[in-house]
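# Structural overview for review
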Amino acid sequence: MSDHTPETQDTPHEASQGDSVDQSRRRLTGAALGVSAVFTLASRPVWASQCTISGMASGNLSNPQEICGGGTPGYWKAAVHLDSWGPTGFTPISKPGNPAETFNEVFSVTQYVRNDGRAYTLLEVMRELNGNGDPISTNLGFHAVAALLNAAHPAVNFGYTSGELIELFQSNYLTNPEKLKNSLAMLNERDCPLN
């Protein structure tokens, strides 16, 4: 990751030795929402937000005031909304001294490269690889970038930190790519609280 990404504030925290960890809360399922996916986040806290995959699937109403949000890939890639990237800590377009992050460096993968070997930036994945161009699964990167930006934006109650979202992606992109994409799409398609 580049030096200016929000990695330190968004990396998942580890449960301390004294914390009681409920293993059942660590399984993230989307079956109740028509998304037959099961994902595990090792560091998910015992209390699950109703905005997470498992919280939405279980109908978690422990905090009924919580309004879950998410912007679609179409929102995040639109030129008129590139200013919304600012609070996320990610850069949509390279500028002198401030290069745009690549998908590969942010998600710690190697597959998102052009024919000439150059890695796609986050914005390029959304603009150029939507449809059938994704090297793993149709629209997986498209929805992963939107989910990352939703997770990193302080005004979006997405249910995951960007670090947790990256961990979720890394754990499932090769073994359950279609199910992962469907779960991320479901999270991204909630009400967008941004302009």
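What counts, and where the lines are drawn
- Residues numbered from 1 in each chain as written.
- Predicted model: local features only at pLDDT ≥ 70, side-chain atom pairs only at ≥ 80, totals over all residues.
- Heavy atoms only, no water.
- Helix = DSSP H or I, 4+ residues; strand = E, 2+ residues; numbered from the N terminus.
- Expected span 1.5 Å × (residues − 1).
- Buried < 20%, exposed > 50% of the residue type's maximum accessible area, 1.4 Å probe, protein only.
- Contact = heavy atoms within 4.5 Å.
- Polar contact = N/O pair within 3.5 Å; in protein donor to acceptor, adjacent residues only side chain to side chain.
- Axes fitted to C-alpha atoms, helices over the stretch in contact; angles between N-to-C directions.
- Parallel < 35°, antiparallel > 145°, perpendicular 65-115°, else oblique.
- Left-handed = near helix turned anticlockwise from the far one by under 90°.
- Nonpolar A, V, L, I, M, F, W, Y, C, P; charged D, E, K, R; others polar.
- Phe/Tyr/Trp six-rings, centres within 6.5 Å; stacked < 30°, edge-to-face > 60°.
- Core = buried A, V, L, I, M, F, W, Y, C linked by side-chain atoms within 4.5 Å.
- pLDDT = per-residue confidence, 0-100.

## Structural notes on the overall build of the protein chain
Looking only at helices and strands, the protein chain has eight helices and two strands in total. Taken from N to C terminus, the helices and strands of the protein chain fall in the order α-β-β-α-α-α-α-α-α-α.

## Digging into helix 6 (residues 140-152)
Taking 1.5 Å per residue, 13 residues should reach 18 Å; helix 6 reaches 18 Å between its end C-alpha atoms and fits that length. Along helix 6, 13 of the 13 residues are buried, which leaves the element largely enclosed by surrounding structure.

## Re the environment of Gln 111
When you line up the elements, Gln 111 lands in the loop between helix 4 (103-107) and helix 5 (122-128). You can call Gln 111 partly exposed: its relative accessible area is 25%. In this structure the C-alpha to C-alpha distance between Gln 111 and Pro 135, which are 24 residues apart in sequence, comes to 6.4 Å. Contact partners of Gln 111, with chain neighbours within four places excluded, come to Asn 104, Pro 135, Ile 136, Tyr 173 and Leu 174. One polar contact links Gln 111 to Tyr 173, side chain to side chain, over a distance of 3.4 Å.

## Some thoughts on the packing of helix 6 against helix 7 (residues 162-172)
Their axes nearest at 8 Å, the elements helix 6 and helix 7 cross at an angle of 155°. Relative to helix 7, the element helix 6 lies roughly antiparallel. Read as a crossing pair, helix 6 and helix 7 show a hand that is right-handed. Mapping the contact onto sequence places Leu 140, Ala 144, Ala 147, Leu 148, Ala 151 and Ala 152 in helix 6 and Ser 162, Leu 165, Ile 166 and Phe 169 in helix 7. Among the residues making up the contact of helix 6 with helix 7, the classes are represented as nine nonpolar, one polar and no charged.

## Remarks on the packing of aromatic side chains
Each aromatic ring pair is summarised here by two numbers: the centre-to-centre distance and the angle between the ring planes. This structure, assessed with the given rule, holds seven aromatic pairs. Residues Phe 107 and Phe 169 carry aromatic rings whose centres are separated by 4.8 Å and whose planes lie at 55° to one another, so their mutual orientation is tilted. Taken together, the positions of Phe 107 in helix 4 and Phe 169 in helix 7 put the pair 62 residues apart, joining distant regions of the chain. This pair shows no difference in class: Phe 107 is buried, exactly as Phe 169 is. Measuring from centroid to centroid gives 5.0 Å for Phe 169 and Tyr 173, while their planes differ by 10°, and the two rings are stacked. The exposure class assigned to Phe 169 is buried, which follows from its relative accessible area of 1%. For Tyr 173, a relative accessible area of 10% corresponds to the buried category. Pairwise contacts between aromatic rings join Phe 103, Phe 107, Tyr 112, Phe 169 and Tyr 173 into one cluster.

## Overview of the nonpolar core
With 39 residues, the main nonpolar core has Trp 85, Phe 103, Phe 107, Leu 122, Met 126 and Phe 169 as its most contacted residues. Looking at this core, the elements with two or more residues in it are helix 3 (73-77), helix 4, helix 5, helix 6, helix 7 and helix 8 (177-188). Ranked by the residues each element gives to this core, the list is headed by helix 6, at 10 residues. With residues up to four places along the chain from it excluded, the contact list for Trp 85 reads Trp 76, Phe 90, Thr 91, Pro 92, Leu 122, Leu 123, Met 126, Val 145 and Leu 149.

## A short note on helix 8
Residues separated by three or four positions in an α-helix point in the same direction, a consequence of the helix having 3.6 residues per turn. Spanning 12 residues, helix 8 covers 16 Å between terminal C-alpha atoms, matching the ideal 16 Å at 1.5 Å per step. Most of helix 8 is tucked away: nine of the 12 residues are buried. Within the sequence span of helix 8, burial applies to Pro 177, Leu 180, Lys 181, Ser 183, Leu 184, Ala 185, Met 186, Leu 187 and Asn 188.

## Focus: the side chain of Thr 91
Within the secondary structure, Thr 91 is located in the loop between helix 3 and helix 4. Only 3.4 Å separates the side chain of Thr 91 from the side chain of Asn 98, close enough to count as a polar contact.

## Regarding the confidence of the model for the protein chain
Looking at the protein chain, the pLDDT average stands at 77 and 67% of residues meet or exceed 70. Across the protein chain, the element-wise mean pLDDT spans from 40 in strand 1 (residues 27-29) up to 98 in helix 4. A low-confidence stretch, residues 1-38 stays under pLDDT 50, and its non-local contacts, those more than four residues away or across chains, total 83 contacts. Segment residues 40-48 is flagged for pLDDT under 50; beyond a separation of four residues in sequence, or across chains, it makes 32 contacts in the model.

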